[in-house]
Amino acid sequence: MAETAPPLIRLEGVRKVYPMGDVEVQALRGVDLRIDEGEFVAIMGSSGSGKSTLMHILGCLDRPNSGHFWLRGRDVSDLEPDALAEIRNETLGFVFQSFNLLPRTSAVENVELPLLYGGVGGRERRKRSVEALERVGLASRMHHHPNQLSGGQQQRVAIARALVGRPRLILADEPTGNLDSRSSVEIMALFQALGASGITLVLVTHEPDIAQYAARVIVMRDGRVREDRRQVPRPAVPLPVEADDEPAPEVVS
Amino acid sequence: MNPFETIRMAVRALLRNKLRSFLTTLGIIIGVFAVIAMVAIGEGAKAQVEQTFASMGSNIVIVMPGTSTQGGAMGGMGSLPTLTWEDLRALRNEASAIKAVAPILRSAAQVQSEDQNWTTTVIGSSPEIFEIRAWKIESGAIFTASDVDIGAKVAVIGRTVADKLYGTTAEVVGQTIRIKNVPFTVVGLLEKKGQSAMGQDQDDQIFIPQSTWQSKIQGGLQKFVNGMIMMTAVSQEAIPRAESQIKDILRDRHHIEPGMDDDFSVRNLSDMANAVESSTRVFTGLLASIAAVSLLVGGIGIMNIMLVSVTERTREIGLRMAVGARRRHILAQFLVEALVLSIAGGLVGVVGGFYAARALSESFGWPMLFRTETVLLAVGFSGAVGIVFGIFPARKASRLDPITALRYE
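Looking now at the overall build of chain B. Counting its secondary structure elements, chain B contains 13 helices and 12 strands. In summary, chain B has a C-alpha radius of gyration of 34 Å against a globular reference of 22 Å for 409 residues, an excess of more than 25%. Seen through its C-alpha atoms, chain B measures out along the principal axes to roughly 105 × 55 × 40 Å. When each of the 409 residues of chain B is scored for burial, the buried share is 42%. Excluding contacts between residues fewer than 6 apart, the proportion of contacts in chain B whose partners are at least 24 apart in sequence is 81%.

Our focus in this paragraph is the interface of chain A and chain B. Contacts between the two partners involve 19 residues from chain A, matched on the other side by 18 residues from chain B. Of all the secondary structure elements, the ones that give two or more residues to the side of chain A that touches chain B are α2 (81-91) and α3 (107-117) of chain A. Counting residues per element, the side of chain A that touches chain B draws most heavily on α2 of chain A, which supplies 6 residues. Its residues placed into classes, the side of chain A that touches chain B shows 9 nonpolar, 5 polar and 5 charged.

Another aspect to go through is the sheet that holds strand β8 (residues 200-204) of chain A. Residue and element names in this part refer to chain A. Spatial ordering of the open sheet is given by β6-β7-β8-β3-β9-β10, a layout of 6 strands whose pairing is mixed. The open sheet is flanked by β6 (92-95) and β10 (224-230), the only strands paired with a single partner. Across this sheet, the average inter-strand angle for adjacent strands is 20°, counted without regard to direction. Of the strand pairs in this sheet, strand β9 (residues 216-221) and β10 are connected by 6 bridges, and their pairing is antiparallel.

Time to look at the environment of G73 of chain A. With respect to the helices, strands and loops of the structure, G73 of chain A is situated in the loop between β4 (66-71) and β5 (74-75). With 10 C-beta atoms counted inside 10 Å, the residue G73 of chain A sits in the exposed group.

Another aspect to go through is the packing of helix α2 (residues 18-55) of chain B against helix α12 (residues 372-398) of chain B. Residues and elements named next belong to chain B. Where α2 meets α12, the axes come as close as 10 Å, and the angle between the chain directions of the two elements is 155°. Overall, the two elements α2 and α12 adopt an arrangement that is roughly antiparallel. Where α2 crosses over α12, the two elements pack in a sense that is right-handed. Contact residues: I28, V32, V35, I36 and V39 in α2; T374, A378, S382 and V385 in α12. Tallied by class, residues from the contact of α2 with α12 come to 7 nonpolar, 2 polar and no charged.

Think of interface size as the accessible area that goes away when the parts come together; that is how it is often given. The domain boundaries assigned to chain B delineate domain 1 (3-52 + 274-407) and domain 2 (81-262). Its C-alpha centre places domain 1 of chain B at a distance of 56 Å from the equivalent point of domain 2 of chain B.

Residue and element names in this part refer to chain A. The antiparallel open sheet is built from 4 strands, whose spatial order is β2-β1-β4-β5. This sheet does not close on itself; its edge strands, each paired only once, are β2 (23-35) and β5. Across 2 bridges, β4 lies against β5 in antiparallel orientation. Across the sheet, residue L71 finds its bridge partner in β5, namely R74.

Rules used in this analysis
Residues numbered from 1 in each chain as written. Chains lettered and ligands numbered in written order. Predicted model: local features only at pLDDT ≥ 70, side-chain atom pairs only at ≥ 80, totals over all residues. Helix = DSSP H or I, 4+ residues; strand = E, 2+ residues; numbered from the N terminus. Rg over C-alpha atoms; globule rule 2.2 N^0.38 Å. Buried ≥ 20, exposed ≤ 12 C-beta atoms within 10 Å, placed from the backbone. Contact = placed C-beta atoms within 7 Å. Nonpolar A, V, L, I, M, F, W, Y, C, P; charged D, E, K, R; others polar. Pairing = 2+ DSSP bridges. Axes fitted to C-alpha atoms, helices over the stretch in contact; angles between N-to-C directions. Parallel < 35°, antiparallel > 145°, perpendicular 65-115°, else oblique. Left-handed = near helix turned anticlockwise from the far one by under 90°. Domains from an automatic or database assignment.

Here it is as structure tokens:
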């Protein structure tokens, strides 16, 4: 055990309390967790179960009140905001339910954003962004603005943005929440492909259908891990194109 | 992220809302426009005043004789001749701060050429007057000290007089001019000098030797200077010293006891020039403060819009933070946006102000003074406005919590 590489994620007794007016909300009441490199984990739970808080701590967007969080063997529980920003930039990628693309900004420029803060030079930035867009199958739409893309396409741009910094871990918060079922399956297929290439994925969802595609399911309730099981993931096979399918808006470029 | 990328990002963000960006920066545009136009106009007016006073001669000090009192009615300054030719000589010889001394004996007289006549001012003086007034001769020569000694009937005439009597093209030197029917020979024509600070035509004058003036133009009072004495100090700094020397010499010569009033008065033209200049300064200062208020209002407008923009783009800020923007990146982004707005406004204002000032100076006939320092100052000031009013919204943005920002609806 001591000789092997440290796990990607290790949580020990992580607690998080939010003050809500006069009362304190115990979002996490002592979470112990270990996620290894290359895992595809779905975190499930109802609203208020603490799954979002856990996600924020894993994403280095928030710090635990007590307990420890080691990311690739480094204790990041007490780092300053700017140090956390650096970790997010170098190690993590985020995918959100509402895509969070910059409006009136082309797909490729949206993808470039993490590299901009990572200090990558202009030409290299563009090259890697185009590569990331190719990986999600949207290279042909790199100059489209978000409002010229369908929801599924926008989410794929967001995934390219998460990928472009070559992260070890991609955190996805309800990535299919705003998508129709066909796009959802497409996105999950993309995630499975990324997982196969060695990227660790942690997916927060409340839909059991979506959790099926992951290899491990962690169920949260009342700020604690209630269930942690491994499963054979269901392969995501994109549905055949149907007549009433949402087409991408036609764009004259 | 290098500064160039930050600026490019800021410009793009501002161009997404062109109309809003323009309206936001309008306050700065107007402020800088006002600064540039007003300062240019103020400087032009000042230069115009300086030019006028410079044309009268520099460092001039004038002594006028005192007042007369008849039955309680005070006569005006100069109504009683108190200055003697001996006084004039004493001033010339004893006052070390004085460079040149000349009497000014003034009389209106009718003058005639062969076929024209004109009424003008005839001034009896000495050759020093041309040095004091810094007045050059266009053709011929000025009269000399020996002309004064012998009371020669020679005249140096101004351009206007020459035009009226001989036309604009004729050679006037050597012509005969009859002043109060006494024939004089024109020995010199003065260069054109234009209007005085009081709006008189300085070229409508004839200068003759003081002795001739006394004997031929206006007799009597042989002992007294029937007018004033004009002097020039050795330098501008020496004017106060010259004035006190004049007072000491004249009070001593007139036996005025300490505590008694002077029976003469001393004035200098620099005081007048300064008075005019200081009123221009007050005027310019007033306009500058209006411009400053306008820039302040412009700055508040920028702050307002930047605050709106921070609120509108809360999710964008959250996202940028999530993908790795440090606080200083967010701070720089919004600060640079405010700066770009204010400096762009400043530049537009400078260009507008430049053309406005040029148009105005053309219509007033003033010299156009457009100083680089003013431009740098205006642009620098608008940049400062951008920083001062941009820092608060930018700090607000950089201190957002990424989770809260991402969830902001």
